[in-house]
Structure formats: structure tokens, C-alpha cells
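Below are the chains, spelled out letter by letter.
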Amino acid sequence: METRRIGTILAVLLTILYLAYIVAIPLGLVTHRLEVHEVALAAALLAGVWFAASPYFITDVSIGADGVSARLERAEAKQRVLEGELRALQVTLGGLVTKHEWNHLRRLSEEKQVLVRHREDGKLQQELERLDALGFLEPLDSQRGLNAIREDHGRPGEEFDLTRYVKITDAGLEYLGLREKL
């Protein structure tokens, strides 16, 4: 924002000097007059300074039989759109998994041993199945899959090490990393 302010001040000063020169010519105050192409170049440079100080930027330039054309966009409008999309991604990533599922992923990525308790209501099993369906973790036993947990530790309240049954996938690690960044 500070750069734009300096650019605007510079553009105003150059405009005043340019207009002073143009006014001074008929008044006879200028002893050495610039040629037409030099005045045109100064006007083009002045227009460039004003454009640089503006909130627009060039997105596309084409030169053809019809002449030169440029497509301009407002930087602030595009930034607001990007900020809105970033916020949508934050909400999406934050709500993709529950806090309990996120805790399982986080612990599997950080801890060598992840002690959990088998629940009578089957919530742990549901959370793990959902994380498996999302591709964020995978069972170590390819034959029995996540059923190995129920078969080996089916009694409610029994504590066991989750790392003996599942591991976090690269996609799960990437999800954790993205969620932390956002």
C-alpha cells in the first residue's frame, strides 16, 4: 500500500511538471521546446506512472492487426476473491474430519504408541473407518482390515495400541500439514 501512495505522489508531481511545461510554451517562458515525439513520449511515460499508481494490473496484452489491446483487472477485487476462496478452504479443511478423528491422525503422526480404548458404542471403529475411507489412514492387516481391532479388542474399555492396527498415510500427513498452515 505504501508503494502505491509513493507512486501516486510521483504521478501528481510529474503531471504538474508536464502541465506547467505545456502552459509555459504559449506564454513564451520556454526557450528550448521539445519536439512532438518527445512530448508524446513524456505523455506516455506519465500515463505509465499513473497506471503504476492505480489499483489495476495488466493480465493480458496482445498486438495484432487491430492494434494493441490490454486487459486490466483490479488487484483489490481479485485479492478479495482469493481471500474468500482461502476462507472457504479453511472451513472445508477444518470441517472435513471431526475433532476426534483429527486427534487420531495427529497422534498417529506424532507418537510411537497411541493408546486408545475400545468403546461399546462403536464410535472408535466408525471414526477409524471414516479416516480409512478418506484415505488418511490404512489398516496394517490387509486381510482383516479394521475388523482386526474389533476381533482382538472387542470388550468395552479395553486399552490397546492403535499403531499396531493402522498407520497414517501420506494423504493423512498432507491433510494435517495443510490444516496447520491454514
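Residues numbered from 1 in each chain as written. Predicted model: local features only at pLDDT ≥ 70, side-chain atom pairs only at ≥ 80, totals over all residues. Heavy atoms only, no water.

We now examine the overall build of the protein. Assigned secondary structure in the protein consists of 7 helices and 6 strands. Ordered by position from N to C terminus, the α and β elements of the protein give α-α-β-β-α-α-β-α-β-α-β-β-α. Put simply, the protein has 182 residues, and 25% of those count as buried. Counting contacts in the protein only where the partners sit at least 6 residues apart, residues at least 24 apart contribute 61% of the total. For the protein, the accessible area works out to roughly 12700 Å², and carbon and sulfur atoms hold 58% of it. (Helix = DSSP H or I, 4+ residues; strand = E, 2+ residues; numbered from the N terminus. Buried < 20%, exposed > 50% of the residue type's maximum accessible area, 1.4 Å probe, protein only. Contact = heavy atoms within 4.5 Å. Areas by Shrake-Rupley, 256 points an atom, 1.4 Å probe, with all protein chains shown as cover.)

It is the contact of helix H4 (residues 99-110) with helix H5 (residues 123-134), at a shortest axis distance of 10 Å, that shows an interaxial angle of 70°. By the angle between their directions, the pair H4 and H5 is classed as roughly perpendicular. Note on packing geometry: the crossing formed by H4 with H5 is right-handed. Taking contact as the criterion, the partners of His100, Glu101, His104 and Leu105 in H4 are, on H5, Leu124, Glu127, Leu128, Arg130 and Leu131. Grouping the amino acids of the contact of H4 with H5 by side-chain chemistry returns 4 nonpolar, 2 polar and 3 charged. (Axes fitted to C-alpha atoms, helices over the stretch in contact; angles between N-to-C directions. Parallel < 35°, antiparallel > 145°, perpendicular 65-115°, else oblique. Left-handed = near helix turned anticlockwise from the far one by under 90°. Nonpolar A, V, L, I, M, F, W, Y, C, P; charged D, E, K, R; others polar.)

On to the packing of aromatic side chains, then. Enumeration according to the criterion identifies 2 aromatic pairs in this entry. Each ring, one from Phe136 and one from Tyr175, has its centre 4.8 Å from the other, and the planes form 20°; the classification is stacked. With Phe136 in the loop between H5 and strand E4 (137-139) and Tyr175 in helix H7 (residues 170-181), the pair connects residues that are 39 residues apart, well separated along the chain. Given the relative accessible area of 8%, Phe136 is considered buried. Residue classification places Tyr175 among the buried positions, given a relative accessible area of 3%. For the ring pair Phe160 and Tyr165, a centre distance of 5.7 Å and an interplane angle of 90° mean the geometry is edge-to-face. (Phe/Tyr/Trp six-rings, centres within 6.5 Å; stacked < 30°, edge-to-face > 60°.)

The next point concerns the packing of H4 against H7. Where H4 contacts H7, the two axes come as close as 10 Å, and the packing angle between them is 110°. With respect to H7, the element H4 is oriented roughly perpendicular. Packed against H4, whose contacting residues are Trp102, Leu105, Arg106 and Ser109, the element H7 presents Leu173, Tyr175, Leu176, Arg179 and Glu180 at the interface. Looking at the contact of H4 with H7, its residues break down into 5 nonpolar, 1 polar and 3 charged.

A word on the nonpolar core. In this structure, Leu105, Leu108, Leu128, Ile149, Phe160, Leu162 and Val166 are the most contacted members of the largest nonpolar core, which totals 21 residues. Of all the elements in the fold, those that place two or more residues in this core are H4, H5, helix H6 (147-152), strand E6 (166-168) and H7. Looking at this core element by element, the count peaks at 3 residues for H5. (Core = buried A, V, L, I, M, F, W, Y, C linked by side-chain atoms within 4.5 Å.)

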